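Each chain is listed here by its residues.
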Amino acid sequence: MSGRSVVGFSLGFLVLLFWYSLIYPATARFVVEKNSLTVTSSGSIKGTYDSAIGNFGIPQYGGSMAGMVVYTKQNVKGCKDFSDSGISFKSKPGALPTFLLVDRGDCFFALKVWNAQKAGASAVLVADDIEEPLITMDSPQEDSASAKYIENITIPSALIEKDFGEKLKKAASAGEIVNVNLDWREAVPHPDDRVEYELWTNSNDECGTKCDMLMEFVKDFKGPAQILEKGGYTQFAPHYITWYCPQAFTVSRQCKSQCINHGRYCAPDPEQDFSRGYEGKDVVIENLRQLCVYKVANESKKPWVWWDYVTDFQIRCPMKEKKYNKECADVVIKSLGLDSKKIEKCMGDPNADSKNPVLEEEQESQVGKGSRGDVTILPTLVVNNRQYRGKLEKGAVLKAICSGFEETTEPAVCLSSDIETNECLDNNGGCWQDKALNATACKDTFRGRVCECPLVDGVQFKGDGYNTCKASGPGRCKISNGGCWQETRDGHTFSACVDTEGSKCQCPPGFTGDGVKSCEDIDECKEKKACQCPECSCKDTWGSYECTCSGDLLYIRDQDTCISKRATETKSAWAAFWAIFIGLAIAVAGAYVVYKYRLRSYMDSEIRAIMAQYMPLDSQTEVPNHVSEDRA
């Protein structure tokens, strides 16, 4: 690098630090994301403690992890390769995983975790070496050496306070069994059935390993993100960090090359060299364009198109090929069917000496609100207003987002084999099951299985979900007859199921029993419950009885008696006669009433007509007699 380049880089770096101090003063609030650590054994320190989630590796969002703490006297800070000392932390079959406890200091946090992972540890606890509030363990600025291991860290890690660390070291060194449980289930709030998340990103593809990892993540996560967004399960919003140039430097070369709108919105030089390549203002303009792509797509009810544009722009318009420009961006916009005029209008004039509403809103959003701290790390993922900590990798991020759903409301993508195993496949999860109905109370959720009685063919089952689930309410009798007794003989079916809410199995009339396992036929003849008249002859049938009368007699079941068929026929004939007679009488009476009414109406009209010829009626107006007036 030339001397001029070094001077330019140094000056730019100092200016950048100055901007940063103005935007994030000493009062800026950085929220440390925590998870719960519970010591489940060792009576002296048993309890629950806070721990700060490391910003690398893969935290088990939505789950928990149990293990045994190990503290070795060699390589206590974990800065050296444990294989050099022949130390292994791989757990034996049936044993709890190893949580390695190391001291803070002498090397990067990420290197400690990497060395522990290579030696077989399942998680790492880093004990702070000074009394201070917990901080976030971040990955170092990547160089070629650190980039190789940071990308491959897959185990979770957490920082613990010095005092708690000393207690753990003392207990472990004394030979005590120290079992702990790391719990990430409440690390992300899950208030409802929709997750809101945002990604603070950058369009710059020349910022090193971290930018390469960000670009790979966007490409890999595009599919799940669009599935979640199209299904209405999530609400996503992209964001971009910008700085402003201090008033005293707005006319400087650094501000002019890195800022738009007269120093109001700036980004660092991509190559950190003002003498070559793209400038910071090029990055700001593309960031603004990507924000406007999202806004225009969101207005058309297709916010997921942002993922298409960003991935296509990365592939088709890279800085390395000198295609990072408006012309290439317009080609991508046109290919996606977006309205370029609306996007240009949204972007405004980057040379204007005025505020840009879109970027102004972005700068305000960088300041933390509620439980979310200031956005100071790029990239940053925020899920349900909590900053994600860990590796920016498809499976890990999807797990964090899925942990933000309310229990049992997770979409199918959250239960994919990439991040979740189906616990109901193993012994039905220990829940109730009816193989004949192909029904089970086991529901596989992101946080594990739950046993809840199912809804089958519109019929709700009720019970504890573990041992019993019974059909309940309307329609229950069509599901295995509601669990009640049922039998068919000679084409006749009898059931003990009553299809009403809260009803129990009851044997039908003519049967006795518990209604569940059996209902026995009652012999009405033997028990003299029917057919007891002197002329009656009783014969018991399944579920009922038959009663016949001797001679020319007819049996009446309701009165349990026999009567003569002739008497029945006579009664029937007289009944028919009286029915006809009464009907005719009613018809004659009705006709007479109608006749009288019409006759009276006719006579009234005739009489009124005759009287109207000789005298005025009340309804007629009296005519004045002018002749009489003259004579008077």
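For the structure itself, look to the data block above.
Everything quoted here is computed from the prediction, not taken from an experiment.

Draft legend 1. The layout of surface pockets, seen in detail. When its volume is computed, the second largest pocket comes out at roughly 400 Å³. What lines the second largest pocket is a set of 21 residues, and nearest its centre among them are Lys-470, Ala-471, Arg-476, Gly-482 and Gly-483. Elements supplying a minimum of two residues to the lining of the second largest pocket: strand 19 (459-462) and strand 20 (470-472). In terms of residue count, the dominant contributor to the lining of the second largest pocket is strand 20 (three residues). Its residues placed into classes, the lining of the second largest pocket shows eight nonpolar, eight polar and five charged.

Draft legend 2. Summary view of the pairing of strand 5 (residues 123-127). For strand 5, the tally of buried residues reaches five of five residues, placing the bulk of the element in the interior. Here strand 5 shows a buried face lined by Ala-123, Leu-125 and Ala-127 and a second buried face lined by Val-124 and Val-126. In terms of strand pairing, strand 4 (residues 98-103) meets strand 5 through five bridges, oriented parallel. Paired with Asp-103 across the strands is Ala-127, a residue of strand 5.

Draft legend 3. Just the sheet that holds strand 19, in detail. Pairing is antiparallel in the open sheet, where three strands are placed in the order 18-19-20. Either end of the sheet is taken by a strand with one partner, and the two such strands are strand 18 (455-456) and strand 20.

Draft legend 4. Layout of the pairing of strand 25 (residues 536-541). When strand 25 meets strand 26 (residues 544-549), the two strands line up antiparallel, connected through six bridges. Following the sheet pairing, Thr-541 is matched in strand 26 by Ser-544. In sequence, strand 25 turns back onto strand 26 through a hairpin of two residues, with Gly-543 there showing a positive phi of about 85°.

Draft legend 5. The arrangement of the sheet that holds strand 8 (residues 195-201) in detail. Ordered by their spatial adjacency, four strands build an open sheet running 9-8-12-13, and the pairing between neighbours is mixed. Whereas interior strands pair on both sides, the edge strands pair on one side only; in this sheet they are strand 9 (234-240) and strand 13 (386-387). Pairing between strand 8 and strand 12 (residues 380-383): four bridges, direction antiparallel. By the bridge assignment for strand 12, Trp-200 is matched with Thr-380. Each of strand 8 and strand 9 touches helix 11 (residues 357-365); the most contacted strand, strand 9, lies at about 100° to it.

Draft legend 6. View of empty space enclosed by the protein. Per the stated rule, a full pass over the model turns up three cavities of 30 Å³ or more. The calculated volume of the largest cavity comes to roughly 250 Å³. When contributions to the lining of the largest cavity are tallied by element, the ones reaching two or more residues are helix 5 (209-230) and strand 12. Sorting elements by how many residues they give to the lining of the largest cavity places helix 5 first, with three residues. Grouping the constituent residues of the lining of the largest cavity by class yields ten nonpolar, five polar and five charged. Taken as a whole, the second largest cavity holds about 90 Å³ of empty space. As for the second largest cavity, its lining consists of 14 residues, of which Ser-203, Met-215, Gln-290, Phe-313 and Gln-314 are closest to the centre. Among the elements of the structure, helix 5 and helix 8 (305-316) are those that each provide at least two residues to the lining of the second largest cavity. For the lining of the second largest cavity, the class distribution of residues is eight nonpolar, five polar and one charged.

Draft legend 7. Inspection of a nonpolar patch on the surface at higher detail. A cluster of nonpolar side chains, Tyr-592, Val-593, Tyr-595, Leu-599, Tyr-602, Met-603, Ile-607 and Met-611, forms an exposed patch at the surface whose accessible area comes to about 820 Å². The residue Met-603 is located in helix 13 (residues 565-611) in this model.

Draft legend 8. Looking closely at the nonpolar core. Judged by nonpolar contacts, the single largest core of 57 residues is most densely connected at Tyr-197, Phe-221 and Ile-401. For this core, the element with the most residues is helix 7 (residues 280-299), which contributes nine residues. Not counting chain neighbours up to four residues away, the residues in contact with Tyr-197 comprise Phe-221, Ala-225, Thr-234, Gln-235, Phe-236, Ala-237, Trp-307, Leu-381, Val-382, Val-383 and Ile-401.

Draft legend 9. Spotlight on the pattern of salt bridges. One pass over the structure, following the stated rule, counts 17 salt bridges. Residue Lys-118 is joined to Asp-81 by a salt bridge in which the shortest nitrogen-to-oxygen separation is 2.9 Å. Of the two residues, Lys-118 sits in helix 2 (residues 109-118) while Asp-81 sits in the loop between strand 3 (64-70) and strand 4, which places them 37 residues apart along the sequence. Residue Lys-118 is classed as partly exposed on the basis of its relative accessible area, which comes to 40%. Glu-166 is the partner of Lys-169 in a salt bridge, and the nearest nitrogen-oxygen pair spans 3.2 Å. Here the residue Lys-169 and the residue Glu-166 both occupy positions in helix 4 (residues 162-173), the gap between them amounting to three residues, near one helical turn. Overall, the relative accessible area of 12% leaves Lys-169 in the buried class.

Conventions and cut-offs
Every chain begins its residue count from 1, and numbering advances along the sequence as written. Per-residue local features are limited, in this predicted model, to residues with pLDDT of at least 70; the limit for side-chain atom pairs, both in listing and counting, is 80 or more; totals at the level of whole chains, interfaces and linings are taken over all residues. With hydrogens and water stripped out, all remaining heavy atoms of the structure feed into the side-chain values. The definitions used throughout rest on a 1 Å grid laid over the protein atoms alone, on which a cavity is an enclosed set of points accommodating a 1.4 Å probe that cannot get out and a pocket is an open set flanked by protein within 12 Å on both sides along at least five of seven lines; lining residues are those having an atom within 4 Å of a point. Grid points are joined across faces, edges and corners, and a volume is the space filled by probe spheres set on the points. For helices the rule is a DSSP run of H or I covering at least 4 residues; for strands it is a run of E covering at least 2, with both sets numbered from the N terminus onward. Basically, the charged four are Asp, Glu, Lys and Arg, the nonpolar ten are Ala, Val, Leu, Ile, Met, Phe, Trp, Tyr, Cys and Pro, and anything else, Gly included, counts as polar. Exposed residues in this analysis have more than 50% of their type's maximum accessible area, buried residues have under 20%, and partly exposed residues fall in between, with area computed by a 1.4 Å probe over protein chains only. In this scheme, strands are said to pair when DSSP sees at least two bridges between them. Should any heavy atoms of two residues lie within 4.5 Å, those residues are considered in contact. Note on geometry: axes are lines fitted to C-alpha atoms, helical ones only across the stretch in contact, with angles between N-to-C directions running from 0 to 180 degrees. By definition, no residue in a patch forms a salt bridge, and every one has over 30% relative accessible area; like charges are joined within 9 Å, nonpolar side chains (Val, Leu, Ile, Met, Phe, Trp, Tyr) within 5 Å. In this description, accessible areas are obtained by the Shrake-Rupley approach with a 1.4 Å probe, and a residue is regarded as covered only by the protein chains that are shown. Each salt bridge in this description consists of a side-chain nitrogen of Lys or Arg and a carboxyl oxygen of Asp or Glu lying within 4 Å of one another. Joining through side-chain atoms within 4.5 Å is the link that ties buried Ala, Val, Leu, Ile, Met, Phe, Trp, Tyr and Cys residues into a set, and such a set is a nonpolar core.

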